[in-house]
Amino acid sequence: MELAAILCSLILGGEVEQRHYFDVVDRRHHIRVDCETDSHVVEVGFDDKRSSNDSLHQALFSANLTGKLPMIVIIDTNGFEENVQYQIETVARMTGVSYMTVTEDFLIRWQMTEPFRQNRSTLFRQVETAAVN
């Protein structure tokens with residue numbers, strides 16, 4: 001879940017593990033969306049995990065509850081497309097669900113360099129302000 005949190009908060013600008021409630025037969029239930037942005041509900045899976053097949057179901061069900069667009073992101077841990085990853089991508093595209101892959105290494109590097117990007121934008125604002133004055 002740490003990699004999903006990096007993806008959600010630092011790259012997609014969303015909220016991690018958002019709950020949504022629904023009623024079935026007079027009972028209250030809930031689901032947790034891995035990542036939710038203003039426009040999308042995003043389910044995150046791993047390339048080598050058969051359980052990632054559930055991502056499509058979860059993304060579509062979450063989209064139905066929220067009225068947002070469904071998306072699946074598979075975190076690639078080994079640099080090549082495997083059976084499960086290929087199947088998820090194929091079915092996602094057939095159903096019109098947004099799909100992307102991102103490498104584990106990219107997410108770790110993105111988290112490690114986040115302070116530099118934050119400082120850089122602050123530095124640019126300071127330079128722009130000084131140039132105007």
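Scroll up to find the structure this text is about.
This is a predicted model, so every value here is computed, not measured. (Residues numbered from 1 in each chain as written. Predicted model: local features only at pLDDT ≥ 70, side-chain atom pairs only at ≥ 80, totals over all residues. Heavy atoms only, no water.)

**Some thoughts on the packing of aromatic side chains**
All chains considered together, the criterion is met by 2 aromatic pairs. A ring pair is formed by Phe-22 and Phe-61, whose centres lie 5.2 Å apart and whose planes are at 75 degrees; its orientation type is edge-to-face. Taken as a pair, Phe-22 in strand E1 (residues 15–24) and Phe-61 in helix H2 (residues 54–66) lie far apart in primary sequence, 39 residues in all. What makes Phe-22 buried here is its relative accessible area of 19%. (Phe/Tyr/Trp six-rings, centres within 6.5 Å; stacked < 30°, edge-to-face > 60°. Helix = DSSP H or I, 4+ residues; strand = E, 2+ residues; numbered from the N terminus. Buried < 20%, exposed > 50% of the residue type's maximum accessible area, 1.4 Å probe, protein only.)

**Focus on the nonpolar core**
With 13 residues, the main nonpolar core has Leu-7, Val-42, Val-44, Val-73, Ile-75, Val-102 and Leu-107 as its most contacted residues. Within the residue set of this core, elements represented by two or more residues are helix H1 (2–12), strand E3 (40–46) and strand E4 (69–76). In terms of residues, this core owes the most to one element, H1, which gives 5 residues. Those residues within four positions of Val-73 in sequence are excluded, and the remaining contacts are Leu-7, Val-42, Glu-43, Val-44, Gly-45, Met-100 and Val-102. (Core = buried A, V, L, I, M, F, W, Y, C linked by side-chain atoms within 4.5 Å. Contact = heavy atoms within 4.5 Å.)

**Regarding the pattern of salt bridges**
In total, this model carries 3 salt bridges according to the counting rule given. With its nearest N and O atoms 3.1 Å apart, the salt bridge here joins Asp-23 to Arg-28. The two residues Asp-23 and Arg-28 agree in class, both being exposed. We note a salt bridge from Arg-93 to Glu-89, for which the minimum N-O separation is 3.1 Å. (Salt bridge = Lys/Arg side-chain N within 4 Å of Asp/Glu carboxyl O.)

**Here we look at the state of the cysteines**
In this structure the tally under the stated criterion is 1 disulfide. A disulfide bridge connects Cys-8 with Cys-35, and the sulfur atoms are separated by 2.2 Å. Disulfide Cys-8-Cys-35: torsion about the S-S bond near 80 degrees, hence right-handed. With Cys-8 in helix H1 and Cys-35 in strand E2 (residues 27–36), the pair connects residues that are 27 residues apart, well separated along the chain. An identical accessibility class is assigned to Cys-8 and Cys-35; each is buried. (Disulfide = S-S within 2.5 Å.)

**Describing the sheet that holds strand E5 (residues 98–103)**
Judged by pairing direction, the sheet is mixed, and its 5 strands sit side by side in the order E1-E2-E3-E4-E5 without closing on themselves. Every other strand in the sheet has two partners, leaving E1 and E5 as the edge strands with one partner each. Sheet twist, expressed as the average angle between the axes of neighbouring strands with direction ignored, equals 35 degrees. Direction of pairing for E4 relative to E5: parallel, over a ladder of 6 bridges. What sits directly across from Ile-72, in E5, is Tyr-99. (Pairing = 2+ DSSP bridges. Axes fitted to C-alpha atoms, helices over the stretch in contact; angles between N-to-C directions.)

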